[in-house]
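# Examination of the molecular architecture
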Amino acid sequence: MGDSDHWPQTRKALRNTEHRLVSLLDGETREQLVQTYLGIDIGVGFRRHSDKARYNSAVKLANFMSFGIPAVMSVETGYLEVGLHGTTCLFARDAGEMRLLVNRLVRDPVWRAEMGAAAFEAAGAYHIRNVAAQYRSFLEALVRS
């Protein structure tokens with residue numbers, strides 16, 4: 001799964017696999033997006049351009065986690081701050097490793113389920129209620145100072 005900007009890279013990275021690939025569609029409604037996520041067994045976030053790996057946010061991984069979807073992600077700063085390799089997601093350094101890790105998750109449904117459950121649990125920290133509370137505390141502290 002990936003957005004239209006990175007879909008060709010993801011498709012190329014996972015070529016020669018037997019797995020069905022799903023892409024987010026530009027302009028999907030919120031409900032369509034939710035339905036897309038609900039249909040995913042394993043999330044993939046792959047970007048091969050190392051110059052962009054330092055500037056990403058963790059939104060895609062946080063979304064996968066909030067739906068309890070185990071994911072294989074590029075080694076990127078935002079993802080590294082949110083995910084825990086082997087527990088809530090897996091990190092791949094290149095396309096070959098991406099294929100290897102996706103195939104491993106496909107073949108191990110117990111591990112896939114455990115990782116999905118751990119990801120869902122960990123995603124609670126990034127729920128909008130918690131993020132809003134952190135912003136509120138931050139802004140209140142600014143006003144007091």
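Keep in mind it's a predicted model, so treat the numbers as computed, not measured. (Residues numbered from 1 in each chain as written. Predicted model: local features only at pLDDT ≥ 70, side-chain atom pairs only at ≥ 80, totals over all residues. Heavy atoms only, no water.)

## Structural notes on the pairing of strand E2 (residues 71–74)
- Judged from the three bridges that link them, strand E1 (residues 43–45) and E2 form a sheet pairing that is parallel. Bridge assignment links Val44 to a residue of E2, and that residue is Val72.
- As defined by bridge partners, E2 adjoins strand E3 (residues 90–92) across three bridges and the pair is classed as parallel. Note that in E3 the partner of Ser74 across the bridge is Ala92.
- Note that the unit made of E2, helix H4 (residues 77–82) and E3 has a crossover that is right-handed. (Pairing = 2+ DSSP bridges. Helix = DSSP H or I, 4+ residues; strand = E, 2+ residues; numbered from the N terminus. Right-handed = clockwise from strand over helix to strand, strands pointing away.)

## Regarding the packing of helix H5 (residues 95–107) against helix H6 (residues 109–123)
- The contact between H5 and H6 brings their axes to 5 Å, and the two run at 100°. Between H5 and H6, the angle falls in the class roughly perpendicular. Residue-level contacts link Arg104, Leu105, Val106 and Arg107 of H5 to Pro109, Trp111, Arg112 and Met115 of H6. (Axes fitted to C-alpha atoms, helices over the stretch in contact; angles between N-to-C directions. Parallel < 35°, antiparallel > 145°, perpendicular 65-115°, else oblique. Contact = heavy atoms within 4.5 Å.)

## With respect to the layout of surface pockets
- Considering only enclosed or pocket space, the largest pocket measures out at about 450 Å³ in volume.
- Ala62, Asn63, Ser66, Phe67 and His127 are, among the 14 residues lining the largest pocket, the residues nearest its centre.
- Contributions of two or more residues to the lining of the largest pocket are made by helix H2 (30–38), helix H3 (59–66) and H6.
- The element contributing the most residues to the lining of the largest pocket is H2, with four residues.
- Broken down by class, the residue content of the lining of the largest pocket amounts to nine nonpolar, four polar and one charged. (1 Å grid on protein atoms, 1.4 Å probe; cavity = no way out; pocket = protein on both sides within 12 Å on 5 of 7 lines; lining within 4 Å. Points joined across faces, edges and corners; volume = space filled by probe spheres on them. Nonpolar A, V, L, I, M, F, W, Y, C, P; charged D, E, K, R; others polar.)

## Some words on the pattern of salt bridges
- Applying the stated criterion across every chain, the model contains one salt bridge.
- With a shortest N-O distance of 2.6 Å, Glu97 and Arg93 are connected by a salt bridge.
- Overall, Glu97 belongs to the buried group, its relative accessible area being 17%. (Salt bridge = Lys/Arg side-chain N within 4 Å of Asp/Glu carboxyl O. Buried < 20%, exposed > 50% of the residue type's maximum accessible area, 1.4 Å probe, protein only.)

## Side note on the nonpolar core
- Core analysis: the biggest nonpolar cluster contains 15 residues, and Leu61, Phe64, Met65 and Met73 have the highest contact counts within it.
- If you list the elements that add at least two residues to this core, you get H3, E2, H4 and H6.
- It is H3 that contributes the most residues to this core, three residues altogether.
- Membership of the second largest hydrophobic core comes to 12 residues, among which are Val44, Leu90, Met98 and Met115. (Core = buried A, V, L, I, M, F, W, Y, C linked by side-chain atoms within 4.5 Å.)

## Topic: the sheet that holds E3
- Reading across from one edge, E1-E2-E3 is the order of the three strands in this open sheet, with parallel pairing throughout. Two strands in the sheet have a free side with no partner beyond their single neighbour: E1 and E3. When strand polarity is set aside, the average angle formed by the axes of neighbouring strands in this sheet is 20°.
- Contacting E1 and E2, H3 crosses the sheet at an angle of about 175° to E2.
- Where H5 meets the sheet, its contacts fall on E1, E2 and E3, and the angle it forms with E3 comes to roughly 155°.

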